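Here is what each chain is made of, one letter per residue.
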Amino acid sequence: MVTLLSSILLCWLMLWLFFGMLTTLIYPALRSTLHNIDPAQASTCILAWLAIAPCAALLATYIVYSPDIAQWLVTGHCHADGCRIHGPQSTLAMVPAALLAAWILYRIVDCLLRQWLPARRLCAQLSQFGEDGQDFITLASAQPMAFTLGWLAPKVFISAGMQHACSAEDIDCILLHEAAHRQRRDNLRLLMARILSAPLPGLWPVRALDDLKLNCEKACDLHAAAKLSRETVAGALVRVAKVQQHAAPAASLAFVGNLTEQRIIALLDEPQAPLANQIVFAMGSAVMLVVLAMINPLHRVVELLP
Amino acid sequence: MQTKPPSPSNTLPRLGELELTLLKALWETQDQSAHALRHGLPASHACSLSTVQTTLERLHRKALVLREKQGHAYVYRARLGRSELLGKLLGGVIRQLHTGNLAPILSSFVDFADRFDDDTLDQLDELVQRRLERRGDK
């Protein structure tokens, strides 16, 4: 029983890393398509893309170890104990399975400890300090800032400094943008993406995570633009960027990648069309075919292990 | 005993719910004893006197309250005002977000890690203005 369970676990975890590598390698080819479709849809596609590795690995493992399904996909062969349909087992799987499981668990727990807990604590503290308004919480701070914080029930915070520095129209724009973050639960979406990609080596998922963040922001910009206008939102972004720029601490990072500039340019560009359902269906089918095609070689690989 | 400096990812002040509630009570009325603070607690935070005393002791160790012995009991007052503490808290968070020491845990209207030079912002501003004028012409 222990041999079977450790073989199943090893199979799933190795496939998770394998599919993670595969999706990372293919991702650059998808980027141009993702940049040209509706940002709300693009952000969902990226999250789904990041979920492929653990989910496809789980599906493949389930099929490999389900004799009723595997009999259609694994070529017939016999072992010393007969020719019955079987799930592949390795007596040495326990140690590598335990090591891989410990690594993946460590990465996920680390991700939760660095993000989930600090955000919860900060949200609770700021909610206590701030003045609760109808749509947002006002923070009595001169530092200009406006943000959404929290995972399951996010809250919008706007500082008094930001309210003084911006016009009523800019504040409306900020509120619409942040309301969209709250409605879409973007913080949770980003956390999910980080957890799904946590087991992968550090730099592998960076591009996809950056693109996800950018598309979430663009989707919220468009939500605000639907009520105001694209130019109004772009103008508000420029003005708020100027206000924040002058209040930034001296030790700020040098320019690394500028999301706001890309968002402003995207707002002033032509609107992007959503991805056709046929393409989404084709991509899903391709993933399914890859998983099914892997079942026979996977069965053989696990059996090759001592 | 030397206190270990907090790691960059862990510099958020750790304040529990009861600690925050007691601080709020001290902001409203300074110079209160543990006994008076316990009586003023909302029903949702009702607890024993020893719990209040322990929590006040923790706040004192964190240098968030001052205390003075009056008779047999201590009288407490907040060391920092509400806006001072908020400023300190936010300042730390913003600094860490700017320097990349804190994992991104919030969505801000304009990303705190974004850095612009004035020329870029002026160019973007011009671009927006041109678009607005073009829209006005139509």
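Residues numbered from 1 in each chain as written. Chains lettered and ligands numbered in written order. Predicted model: local features only at pLDDT ≥ 70, side-chain atom pairs only at ≥ 80, totals over all residues. Heavy atoms only, no water.

Asks: Hey, could you run me through the overall build of chain A in this one?
Replies: Helix and strand counts for chain A stand at eleven helices and four strands. Buried positions account for 48% of the 306 residues belonging to chain A. Residue pairs in contact within chain A that sit at least 24 positions apart in sequence constitute 75% of those at least 6 positions apart. Put simply, chain A shows about 14500 Å² of open surface, and 67% of that area lies on carbon and sulfur atoms. Seen as two clouds, the 21 positive and the 21 negative side-chain charges of chain A have centres 5 Å apart. (Helix = DSSP H or I, 4+ residues; strand = E, 2+ residues; numbered from the N terminus. Buried < 20%, exposed > 50% of the residue type's maximum accessible area, 1.4 Å probe, protein only. Contact = heavy atoms within 4.5 Å. Areas by Shrake-Rupley, 256 points an atom, 1.4 Å probe, with all protein chains shown as cover. Lys, Arg positive; Asp, Glu negative; His and termini not counted. Charge placed at Lys NZ, Arg CZ, Asp CG, Glu CD.)

Asks: Help me out: how do you make sense of the sheet that holds strand 3 (residues 73-78) of chain B in this one?
Replies: Within a sheet, adjacent strands bond to each other through the backbone by hydrogen bonds, running parallel or antiparallel. All names here are of chain B. The strand order across the open sheet formed by three strands is 1-3-2, and the pairing between neighbours is antiparallel. Each edge of the open sheet is held by one strand with a lone partner, namely strand 1 (32-33) and strand 2 (65-70). In this structure, strand 1 lies alongside strand 3, joined through two bridges in antiparallel fashion. Within strand 3, the residue paired with Gln-32 across the bridge is Tyr-76. In the packing of helix 1 (residues 17-28) onto the sheet, the strands contacted are strand 1, strand 2 and strand 3, and the crossing angle to strand 3 comes to about 85°. Where helix 3 (residues 49-61) meets the sheet, it contacts strand 2 and strand 3, and its direction lies at approximately 120° from that of strand 2. (Pairing = 2+ DSSP bridges. Axes fitted to C-alpha atoms, helices over the stretch in contact; angles between N-to-C directions.)

Asks: Would you mind going over the environment of Lys-69 of chain B with me for this structure?
Replies: Tracing the sequence through the fold places Lys-69 of chain B in strand 2. Taking the C-alpha atoms as reference points, Lys-69 of chain B and Ser-33 of chain B, separated by 36 residues in sequence, lie 9.6 Å from one another.

Asks: How do you make sense of the packing of aromatic side chains when you look at a structure like this?
Replies: Pairs of aromatic rings are described using the distance from one ring centre to the other and the angle between the two planes. Applying the stated criterion to the full structure yields seven aromatic pairs over all chains. On the basis of an interplanar angle of 50° and a centroid distance of 5.4 Å, the ring pair of Phe-129 of chain A and Trp-27 of chain B is categorised as tilted. In this pair, Phe-129 of chain A is assigned in helix 4 (residues 94-129) and Trp-27 of chain B in helix 1, connecting two distinct chains. Neither Phe-129 of chain A nor Trp-27 of chain B differs from the other in exposure class; each is buried. Looking at Arg-263 of chain A, its charged tip hangs above the ring of Phe-109 of chain B, at a distance of 5.9 Å from the centre. Above the face of the Tyr-74 of chain B ring, Lys-69 of chain B is positioned so that its terminal group lies 5.2 Å from the ring centre. (Phe/Tyr/Trp six-rings, centres within 6.5 Å; stacked < 30°, edge-to-face > 60°. Lys NZ or Arg CZ within 6 Å of the ring centre and 35° of its normal.)

Asks: Which parts of the structure should I look at to understand the pairing of strand 3 (residues 146-149) of chain A?
Replies: A regular strand places its side chains on the two faces of the sheet in alternate fashion. Residue alternation in strand 3 of chain A divides its side chains into two sets, Ala-146 and Thr-148 of chain A and Phe-147 and Leu-149 of chain A, and both sets are buried. Taken together, the four bridges between strand 3 of chain A and strand 4 (residues 155-159) of chain A define a ladder with antiparallel strand orientation. Along strand 4 of chain A, the bridge assignment pairs Thr-148 of chain A with Val-156 of chain A. Once strand 3 of chain A ends, the chain turns through five residues before running back antiparallel as strand 4 of chain A, passing Gly-150 of chain A with a positive phi of about 120°. When strand 3 of chain A meets strand 4 (residues 106-108) of chain B, the two strands line up antiparallel, connected through three bridges. In the sheet register, Phe-147 of chain A faces strand 4 of chain B, and the bridge partner there is Ser-108 of chain B.

Asks: I'm lost on the interface of chain B and chain A in this one. Help?
Replies: Size of an interface, as often reported, equals the accessible area lost when the parts are brought together. Every contact between the two is made by 47 residues of chain B and, on the other side, 60 residues of chain A. Both sides together, the interface formed by chain B and chain A hides about 5100 Å², and carbon and sulfur atoms give 62% of it. Between chain B and chain A we count four salt bridges in total. Between Lys-242 of chain A and Asp-122 of chain B there is a salt bridge, with the nearest N and O atoms lying 3.6 Å from each other. Between chain B and chain A we count eleven residue pairs in polar contact (both at pLDDT 80 or more) in total. (Buried area = accessible area lost by both parts, 1.4 Å probe. Salt bridge = Lys/Arg side-chain N within 4 Å of Asp/Glu carboxyl O. Polar contact = N/O pair within 3.5 Å; in protein donor to acceptor, adjacent residues only side chain to side chain.)

Asks: Could you clarify how one ought to interpret unusual backbone geometry in this entry?
Replies: Phi is mostly negative for residues that are not glycine, and the peptide bonds are mostly trans. The backbone of Arg-185 of chain A sits at a positive phi, close to 50°, despite the residue not being glycine. Within the element layout of this structure, Arg-185 of chain A appears in the loop between helix 6 (168-184) and helix 7 (186-197). The class of Arg-185 of chain A is partly exposed, set by a relative accessible area of 39%. Residue Ala-63 of chain B is not a glycine yet carries a positive backbone phi of 60°. Its location among the elements puts Ala-63 of chain B in the loop between helix 3 and strand 2.

Asks: Sorry if this is basic, but what is going on with the pairing of strand 2 of chain B here?
Replies: Two elements, strand 2 of chain B and strand 3 of chain B, share six bridges in a ladder whose sense is antiparallel. Bridge pairing in strand 3 of chain B places Glu-68 of chain B opposite Val-75 of chain B.

Asks: Looking at this structure, I do not really get the packing of helix 1 of chain B against helix 3 of chain B. What am I missing?
Replies: Between two packed helices, the angle of one axis relative to the other and the distance separating the axes together describe the packing. Residue and element names in this part refer to chain B. It is the contact of helix 1 with helix 3, at a shortest axis distance of 10 Å, that shows an interaxial angle of 80°. Relative to helix 3, the element helix 1 lies roughly perpendicular. When helix 1 is examined against helix 3, the residues Leu-18, Glu-19, Leu-22, Leu-23 and Leu-26 are found in contact with a partner set consisting of Thr-51, Val-52, Thr-55, Leu-56, Arg-58 and Leu-59. Its residues assigned to classes, the contact of helix 1 with helix 3 shows seven nonpolar, two polar and two charged. (Parallel < 35°, antiparallel > 145°, perpendicular 65-115°, else oblique. Nonpolar A, V, L, I, M, F, W, Y, C, P; charged D, E, K, R; others polar.)

Asks: Is there a simple way to explain a nonpolar patch on the surface in this structure?
Replies: Residues and elements named next belong to chain A. Where nonpolar side chains cluster on the molecular surface, the patch consists of Phe-18, Met-21, Leu-25, Ile-26 and Trp-204 and spans about 460 Å² of accessible area. As for its position among the elements, Met-21 is in helix 1 (residues 2-35). A relative accessible area of 35% places Met-21 in the partly exposed class. (Patch = residues over 30% accessible without salt bridge, like charges linked within 9 Å, V, L, I, M, F, W, Y side chains within 5 Å.)

Asks: What exactly am I supposed to notice about the state of the cysteines here?
Replies: Disulfides are covalent bonds that link the sulfur atoms of two cysteine residues. Residue and element names in this part refer to chain A. Counted under the stated rule, the structure contains zero disulfides over all chains. Unpaired in terms of disulfides, Cys-166 finds its nearest cysteine sulfur in Cys-173, a separation of 9.6 Å. By relative accessible area, which is 11% here, Cys-166 ends up buried. (Disulfide = S-S within 2.5 Å.)

Asks: I'm lost on the environment of Gly-87 of chain A in this one. Help?
Replies: Residues and elements named next belong to chain A. In this fold, Gly-87 is placed in the loop between helix 3 (67-70) and helix 4. In sequence terms Gly-87 and Leu-4 are 83 residues apart; their C-alpha atoms lie 8.2 Å from each other. Apart from residues no more than four positions distant in its own chain, Gly-87 is found in contact with Val-64 and Tyr-65.

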